[in-house]
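# Residue-level structure breakdown
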Amino acid sequence: MVERKTMRPITLSRIIEICSLAMQDKGLSIETASKKLNSSVSRAKEMLLEVEKMGLLTNSENLWRANERTAKFIGYFEKEEWNKIHQYFLENYQFYKEFIQILQDHIGDSQGLSIDEIIKEAAGRGLHLNKTAVEVLSDWCERLNVIQRNLYTAKIYLLKEDFENFESFTKALIRIYRKLASSIWHREVYVEIPLIREKICEELKIPRKTFDDLLKEAYLKNVGKIEFSGAPITTLAKKSPLSEKKIIPVGKEAIMSASSTIKKEREGITINKKSYYYLAIHEAI
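The notes below deal with the structure included here.

### A look at the environment of Ile115
- Along the chain, Ile115 turns up in helix 7 (residues 115–124).
- Once the C-alpha coordinates of Ile115 and Ala154 are considered, the two residues, 39 residues apart in sequence, prove to be 8.4 Å apart.
- Once residues within four sequence positions are removed from consideration, Ile115 is found in contact with Lys131, Val134, Glu135 and Ile156.

Structure, rendered in structure tokens:
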């Protein structure tokens with residue numbers, strides 16, 4: 001039997017379900033999996049084979065059984081240790097490793113990569129990451145908080161594990177603010193915070209929460225130089241074309257079915273229970 005070179009699409013929730021079922025049964029047949037997963041026989045077989053490829057199942061005479069890795073993996077899920085799930089895939093699943101490696105090689109770039117750019121680069125490296133694989137792996141990584149995507153451009157980027165450089169943040173904040181404000185001939189131009197957030201997060205490869213924390217710190221250290229506003233004055237406000245996929249840290253359900261915001265307007269920032277949507281920088285900080 002020739003080994004399949006491309007990824008069989010499967011969601012994280014299905015991987016968890018299949019591992020859980022395998023731990024409950026002495027062995028999962030294709031027919032049993034089909035019934036319990038409410039899927040066709042052919043689709044059940046596809047999913048079992050892919051989970052086996054991840055090292056999370058052992059196949060013997062068309063019965064798929066749990067192994068030591070299965071138990072550890074479910075343990076990560078039960079304890080909400082998403083980073084350990086990320087590390088497991090990185091070490092045991094070739095498609096995931098290749099996807100992350102491409103993004104890692106561009107972590108120093110000011111912009112992320114589009115899905116088409118990832119596919120093109122994968123083809124240039126002789127990797128078997130087609131559009132379906134890249135979309136599926138992007139979904140996994142977004143749920144595991146490994147990547148983010150710019151909500152205005154859909155470009156994908158790998159998040160840095162640690163970022164504590166306040167000076168780099170303030171320099172990026174001033175530069176990007178001035179660039180966005182440069183077309184308005186007015187001293188006190190207000191620019192949309194969500195637009196600045198997406199650009200800075202993409203450039204510095206930081207989570208949105210890190211941006212919010214650093215922006216609050218910059219504001220409190222520069223009262224009078226940075227001004228927030230809750231209403232449109234002179235603005236470059238835009239609505240992002242994409243909705244944000246949020247992982248709500250409330251337990252196992254979060255990774256099983258992440259929620260997506262349906263509103264196009266992005267959120268600003270809240271300080272001392274007051275919400276702001278625009279900012280202006282009046283002098284160097």
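### Details of the sheet that holds strand 6 (residues 226–229)
- Strand order in this open sheet of three strands is 5-11-6, and the pairing throughout is antiparallel. Pairing within the sheet leaves two strands with one partner each, and these edge strands are strand 5 (191–192) and strand 6.
- For strand 5 and strand 11 (residues 278–281), the ladder comprises two bridges, and the chain directions are antiparallel. Pairing of Val191 across the sheet is with Leu279, part of strand 11.

### Brief notes about the packing of aromatic side chains
- Under the definition given, this model contains 14 aromatic pairs.
- Members of the aromatic cluster, connected to one another through ring pairs, are Phe73, Tyr88, Phe89, Tyr93, Phe95, Tyr96 and Trp140.

### A short note on the side chain of Ser39
- Relative to the helices and strands, Ser39 resides in the loop between helix 2 (30–36) and helix 3 (41–53).
- Residue contacts for Ser39: discarding those within four places in its chain leaves Arg14, Ser34, Ala44 and Met47.

### Let's talk about the packing of helix 10 (residues 193–204) against helix 11 (residues 208–221)
- Running from N to C, helix 10 and helix 11 point in directions that differ by 115 degrees, and their axes come no closer than 10 Å. Between helix 10 and helix 11 lies a crossing whose hand is right-handed. Contacts between helix 10 and helix 11 pair Ile193, Ile196, Arg197, Glu198, Ile200 and Cys201 from the former with Arg208, Phe211, Asp212 and Leu215 from the latter.
- Along the lines of polarity and charge, the residues of the contact of helix 10 with helix 11 split into six nonpolar, no polar and four charged.

### Considering unusual backbone geometry
- Backbone geometry at Glu61 places phi at a positive 55 degrees, although glycine is not the residue there.
- Position of Glu61 relative to the elements: it lies in the loop between strand 1 (58–60) and strand 2 (63–65).
- A relative accessible area of 76% places Glu61 in the exposed class.
- Phi angles above zero are rare outside glycine, and Ala154 is one such case at about 70 degrees.

### A look at the pairing of strand 11
- Residues Tyr278 and Ala280 point to one face of strand 11 and Leu279 and Ile281 to the other, with burial holding for every one of them.
- When strand 6 meets strand 11, the two strands line up antiparallel, connected through four bridges. For Phe228, the partnering residue across the bridge sits in strand 11 and is Leu279.

### Considering the side chain of Arg8
- On the secondary structure map, Arg8 appears in the segment before helix 1 (12–24).
- Owing to a relative accessible area of 11%, Arg8 belongs among the buried residues under this scheme.
- A polar contact is formed between the side chain of Arg8 and the side chain of Glu50, at a distance of 2.7 Å.
- Contact partners of Arg8, with chain neighbours within four places excluded, come to Glu46, Leu49 and Glu50.

Definitions and limits used
- Residues numbered from 1 in each chain as written.
- Predicted model: local features only at pLDDT ≥ 70, side-chain atom pairs only at ≥ 80, totals over all residues.
- Heavy atoms only, no water.
- Helix = DSSP H or I, 4+ residues; strand = E, 2+ residues; numbered from the N terminus.
- Contact = heavy atoms within 4.5 Å.
- Pairing = 2+ DSSP bridges.
- Phe/Tyr/Trp six-rings, centres within 6.5 Å; stacked < 30°, edge-to-face > 60°.
- Axes fitted to C-alpha atoms, helices over the stretch in contact; angles between N-to-C directions.
- Left-handed = near helix turned anticlockwise from the far one by under 90°.
- Nonpolar A, V, L, I, M, F, W, Y, C, P; charged D, E, K, R; others polar.
- Buried < 20%, exposed > 50% of the residue type's maximum accessible area, 1.4 Å probe, protein only.
- Polar contact = N/O pair within 3.5 Å; in protein donor to acceptor, adjacent residues only side chain to side chain.

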